[in-house]
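What follows is each chain in one-letter form.
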Amino acid sequence: MQHGTVPAPPLGAPLALTMGEPAGIGGEIAAKAWRAVRAAGPAFFLIGDPSLVKDAPVALIEAPEQAAGAFPHALPVLPLRLAAPASPGMLDAANAPAVIASIEQAVRFALDGRAGGVVTNPIQKSVLTAAGFAHPGHTEFLGELAGTGQPPVMMLACPGLRVVPVTVHLSLRAALDRLTTGLIVEHGRIVAEALRRDFGIAEPRIAVAGLNPHAGEAGTMGEEDFRIVAPAIEALRAAGIAARGPFPPDTMFTPRARATYDCVLGMYHDQVLIPIKTLDMDGGVNITLGLRIVRTSPDHGTALDIAGQGQADAGSLVAALRLAAEIAETRGKAPRP
């Protein structure tokens, strides 16, 4: 897909919610999220099979523009039929094309300015891969559909903490091989831009985690921190970005430390995802930076083990919807180039 200017959606335009894995909890948490926000918003519509919604009234719509009017009374659903009936907890590769189509439609609406942003329900990557899906996950696929020419970056956020891993869905060994000064700088620039554009932070402060225990302790616990990480921080500072570190990872997530920065740039997946999920598992939100559209997602998986039992917590989806609306509003107020 070619890069270009995305039409600005009207402020308060409904969000497009994808259906995610049909055998998971997507339909359940969509209904619960609608009940939680129907009075005050933000308005959203589900792109998926209406049969997935069990515990909320449904209003079938034909276009995103119909969602706001229906939203106070029912969950708007833009129908996208499944190839096979969905059974809770029972994966079926026949439905993979519909899952992918739901994402594609949501992105298309956002790119056309007809949706304020995209919120994605969790997908089952193994099913999509078996059906020929060529991407490691949502983030990479969205980068192809709505990228800006720079790699998409995954941020996790909750009240009081934002984190970004420089390497993501790789084994620890592969992550170490992948980590370079240039990659850290690239992520730091994207994070600083997103904090200004999407969160309205005029002068973002980025704390950079060291790779090794005690940030290498002057090389006695590994040389990567002074050989790879420290030069990246110097380059970011030279570019006018308030980056500091490398900090020992085991002490930078205390309440006192969190008050000194706006985001942590970590070196690998678990280094920063464990703290945020421990701090606020139910309220954490996944945000994709470096896209032409707004995209958020709940910070959990498909939960096949509890699908269909009415036990799913919609807190993370509610947080994702609210944050997507806030980011869309912040972008809408910013001067457009």
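Above this text sits the structure in question.
Residues numbered from 1 in each chain as written. Predicted model: local features only at pLDDT ≥ 70, side-chain atom pairs only at ≥ 80, totals over all residues. Heavy atoms only, no water.

> So what about the overall build of the chain? Which residues, and what values?
Counting its secondary structure elements, the chain contains 11 helices and 12 strands. Taking 337 residues into account, the globule formula puts the C-alpha radius of gyration at 20 Å, and the chain, at 20 Å, falls close to it. Along the longest, intermediate and shortest principal axes, the C-alpha atoms of the chain span 60 × 45 × 40 Å. Across the 337 residues of the chain, 55% fall into the buried class. Contacts in the chain between residues far apart in sequence, at least 24 positions, make up 75% of those at least 6 positions apart. Approximately 14400 Å² of the chain is accessible, and the part contributed by carbon and sulfur atoms is 54%. The averaged location of the 31 negative side-chain charges in the chain is 5 Å from the averaged location of its 27 positive side-chain charges. (Helix = DSSP H or I, 4+ residues; strand = E, 2+ residues; numbered from the N terminus. Rg over C-alpha atoms; globule rule 2.2 N^0.38 Å. Buried < 20%, exposed > 50% of the residue type's maximum accessible area, 1.4 Å probe, protein only. Contact = heavy atoms within 4.5 Å. Areas by Shrake-Rupley, 256 points an atom, 1.4 Å probe, with all protein chains shown as cover. Lys, Arg positive; Asp, Glu negative; His and termini not counted. Charge placed at Lys NZ, Arg CZ, Asp CG, Glu CD.)

> How would you explain unusual backbone geometry if you had to name every residue and give the values?
Glycine aside, a negative phi is what most residues show, and trans is what most peptide bonds show. A cis amide bond, omega 10°, links G41 with the succeeding residue P42. Here P42 is to be found in the loop between α1 (26–37) and β2 (44–48). P246 follows G245 through a cis peptide bond whose omega is 0°. Within the chain, A218 stands out as a residue other than glycine whose phi angle is a positive 60°. The residue A218 is located in the loop between β8 (205–209) and α8 (224–238) in this model. One non-glycine residue, A303, lies in the positive phi region at around 50°. As for its placement among the helices and strands, A303 is situated in the loop between β12 (295–298) and α11 (315–333). Given a relative accessible area of 24%, A303 falls into the partly exposed group.

> Outline the sheet that holds strand β3 (residues 58–60), supporting the account with residue identities and numerical values.
Taken together, the 12 strands give an open sheet; going across it, the order is β3-β4-β2-β1-β5-β12-β11-β6-β7-β10-β8-β9, and neighbouring strands pair in mixed fashion. Each of the sheet's edge strands pairs with one partner strand only, and the pair in question is β3 and β9 (242–247). Bridge count for strand β11 (residues 285–289) against β12 is three bridges, and the pairing is antiparallel. Its bridge partner being in β12, I287 is matched across the sheet by T296. Strands β1 (15–18), β2 and β4 (75–79) of the sheet are contacted by α1, whose axis makes an angle of about 170° with β2. (Pairing = 2+ DSSP bridges. Axes fitted to C-alpha atoms, helices over the stretch in contact; angles between N-to-C directions.)

> Give a detailed account of the packing of helix α3 (residues 96–111) against helix α5 (residues 138–146), specifying residues and quantitative values.
Close contact between α3 and α5 brings their axes to 11 Å; oriented N to C, the two are set at 45°. Comparing the axis directions of α3 and α5 gives the class oblique. At the point where α3 passes α5, the crossing takes the right-handed sense. Residue-level inspection shows I100, I103, E104, V107 and L111 of α3 in contact with α5, the latter providing H138, F141, L142, L145 and A146. For the contact of α3 with α5, the per-class residue count stands at eight nonpolar, one polar and one charged. (Parallel < 35°, antiparallel > 145°, perpendicular 65-115°, else oblique. Left-handed = near helix turned anticlockwise from the far one by under 90°. Nonpolar A, V, L, I, M, F, W, Y, C, P; charged D, E, K, R; others polar.)

> Can you break down the side chain of N212 residue by residue, with the values?
Position of N212 among the secondary structure elements: in the loop between β8 and α8. Under the relative-accessibility criterion, N212 is labelled buried at 13%. Here E224 takes part through its side chain, which lies 2.9 Å from a polar atom of the side chain of N212. Apart from residues lying up to four places away in sequence, N212 is in contact with M221, G222, E223, E224, D225 and P249. (Polar contact = N/O pair within 3.5 Å; in protein donor to acceptor, adjacent residues only side chain to side chain.)

> I'd love a proper account of the environment of E65, names of residues and values included.
In this fold, E65 is placed in the loop between β3 and α2 (67–70). A sequence separation of 42 residues divides E65 from V107, and the C-alpha atoms of the two residues are 15 Å apart.

> I'd love a proper account of the pattern of salt bridges, names of residues and values included.
Across all of its chains, the model carries seven salt bridges by this definition. For E65, the salt bridge goes to R114, with nearest N and O atoms at 2.9 Å. Of the two residues, E65 sits in the loop between β3 and α2 while R114 sits in the loop between α3 and β5 (118–119), which places them 49 residues apart along the sequence. Classification of E65 by relative accessible area gives exposed; the value is 51%. Its salt-bridge partner being R331, residue D198 comes within 2.6 Å of it at the nearest N-O pair. A residue pair is termed long-range when its members are at least 10 positions apart, and D198 in helix α7 (residues 181–199) and R331 in helix α11 qualify at 133 residues. Each of the salt bridges in this network shares a partner with another, and the network as a whole consists of R197, D198 and R331. (Salt bridge = Lys/Arg side-chain N within 4 Å of Asp/Glu carboxyl O.)

> A description of the environment of P122 should follow, citing residues and the corresponding values.
Relative to the assigned elements, P122 resides in the loop between β5 and α4 (125–130). Residue classification places P122 among the buried residues on the basis of a relative accessible area of 8%. For the pair P122 and L317, spaced 195 residues apart in sequence, the C-alpha separation works out to 10.0 Å. In this structure P122 touches G20, E21, P298, H300, G301 and T302, once residues within four positions along its chain are discounted.

These figures capture arrangement, not role.
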